[in-house]
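Here are the chains, one letter per residue:
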Amino acid sequence: MAQDWDIKPRAEACRACDRPFEDGQVCFSALQFMEDGYARADYCAACWPDRAADAAPYSSWQGVFRLPPAAPEEALKKETAETLLRRLVEEDDERRRNVIFILAVMLERKRELAERDVRTRDDGATIRVYEHRRTGETFLIPDPHLKLDELAEVQQQVVGMLGPRREEAQPRPEPAAPAPAPSPDSGVPSGREVGLRDGFYSSASL
Ligand SMILES: [Zn+2]
């Protein structure tokens, strides 16, 4: 059974010539889909034309290599749509498929993810290929083809999971602060907005 979703980092060097990418360098990424998952390869502009001529089926796109940020710890302190998405993808829980999809849509709307391709797997599943704009990682997200009347429930789950953190088992030394009000621009798409995205569902329901 093919992996339903996964996160693949961008390589730090060209697959063909092994030269390390430099910050700001244009690079080309290709996904090759196989029986048991997919493989990612990244190439420099000089090597790409030869590779692009290969007949193997893949998704490919042009991007810009960015050196990893120096201090990632800050981002780990609180749950955001991105940390939640990463955690759920890692946990690989089939029951979270709808939540994972909504989180990916939220992050696309916030321009943190870019959709690079949409593929139909052999078993008919629609897979959306997202790239993290900053890190270059690839996220393969199955599209569960949510109906409009299912969206509200999934959005409630997402809001609940992004809300104030549940009490931890350990007693906290500091007094409990009042829970912050949910941010109005948390990026949670309303059913109306998602439904109105031009072709969002029609293009996915082939
Ligand atoms: Zn190269």
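Treat the numbers as computed from the prediction; the structure is a model and nothing was measured.

J.: So what's going on with the overall build of the chain? Which residues, and what values?
T.: When you go through the chain residue by residue, the secondary structure sums to six helices and seven strands. Taken from N to C terminus, the helices and strands of the chain fall in the order β-β-β-α-β-α-α-α-β-β-β-α-α. Expressed as a percentage of the 206 residues in the chain, the buried residues total 22%. Within the chain, residue pairs in contact and separated by at least 24 positions form 62% of the contacts whose partners lie at least 6 positions apart.

J.: Any chance you could break down the packing of helix α3 (residues 81-91) against helix α4 (residues 97-109) for me, citing the residues and the numbers?
T.: Running from N to C, α3 and α4 point in directions that differ by 145°, and their axes come no closer than 10 Å. For the pair α3 and α4, the sense of crossing is left-handed. Listed contacts from α4 to A81, E82, L84, L85, L88 and V89 of α3 are V99, I100, L103, A104, M106 and L107. For the contact of α3 with α4, the residue count by class is 11 nonpolar, no polar and one charged.

J.: Any chance you could break down the sheet that holds strand β4 (residues 58-64) for me, citing the residues and the numbers?
T.: With respect to topology, three strands assemble into an open sheet ordered β3-β2-β4, the strand pairing being antiparallel. Both outer strands of the open sheet, β3 (37-44) and β4, are each paired with one neighbouring strand and no more. Going across the sheet, the axis of each strand differs from the next one's by a mean of 20°, ignoring polarity. Of the pairings in the sheet, the one linking strand β2 (residues 26-34) to β3 comprises eight bridges and is antiparallel in character. For M34, the partnering residue across the bridge sits in β3 and is G37.

J.: Kindly report on the environment of I100, identifying the contributing residues and their values.
T.: When you line up the elements, I100 lands in helix α4. Residues I100 and L88 lie 12 residues apart in sequence; the distance between their C-alpha atoms is 6.8 Å.

J.: Give me the lowdown on α4, citing residues and values where you can.
T.: Compared with the 18 Å implied by 1.5 Å per residue over 13 residues, the 19 Å span of α4 between its first and last C-alpha is a close match. Turning to α4, its buried residues number three or more, namely V99, I100, F101, I102, L103, A104, V105, M106 and L107.

J.: Can you break down the environment of E150 residue by residue, with the values?
T.: With respect to the element layout, E150 can be found in helix α5 (residues 148-162). On the basis of neighbour counts, which here come to 13 C-beta atoms within 10 Å, the residue E150 falls in the partly exposed class. Sequence separation between E150 and N98 is 52 residues, and the spatial gap between their C-alpha atoms is 9.3 Å.

J.: Provide a residue-level description of unusual backbone geometry, including the pertinent values.
T.: With a phi close to 70°, D18 is a non-glycine residue in the positive phi region. Residue position: D18 is located in the loop between β1 (7-8) and β2. Despite not being glycine, R111 shows a phi value in the positive range, around 60°. Looking at the element boundaries, R111 is found in the loop between α4 and β5 (113-120).

Criteria and cut-off values
- Residues numbered from 1 in each chain as written.
- Predicted model: local features only at pLDDT ≥ 70, side-chain atom pairs only at ≥ 80, totals over all residues.
- Helix = DSSP H or I, 4+ residues; strand = E, 2+ residues; numbered from the N terminus.
- Buried ≥ 20, exposed ≤ 12 C-beta atoms within 10 Å, placed from the backbone.
- Contact = placed C-beta atoms within 7 Å.
- Axes fitted to C-alpha atoms, helices over the stretch in contact; angles between N-to-C directions.
- Left-handed = near helix turned anticlockwise from the far one by under 90°.
- Nonpolar A, V, L, I, M, F, W, Y, C, P; charged D, E, K, R; others polar.
- Pairing = 2+ DSSP bridges.
- Expected span 1.5 Å × (residues − 1).

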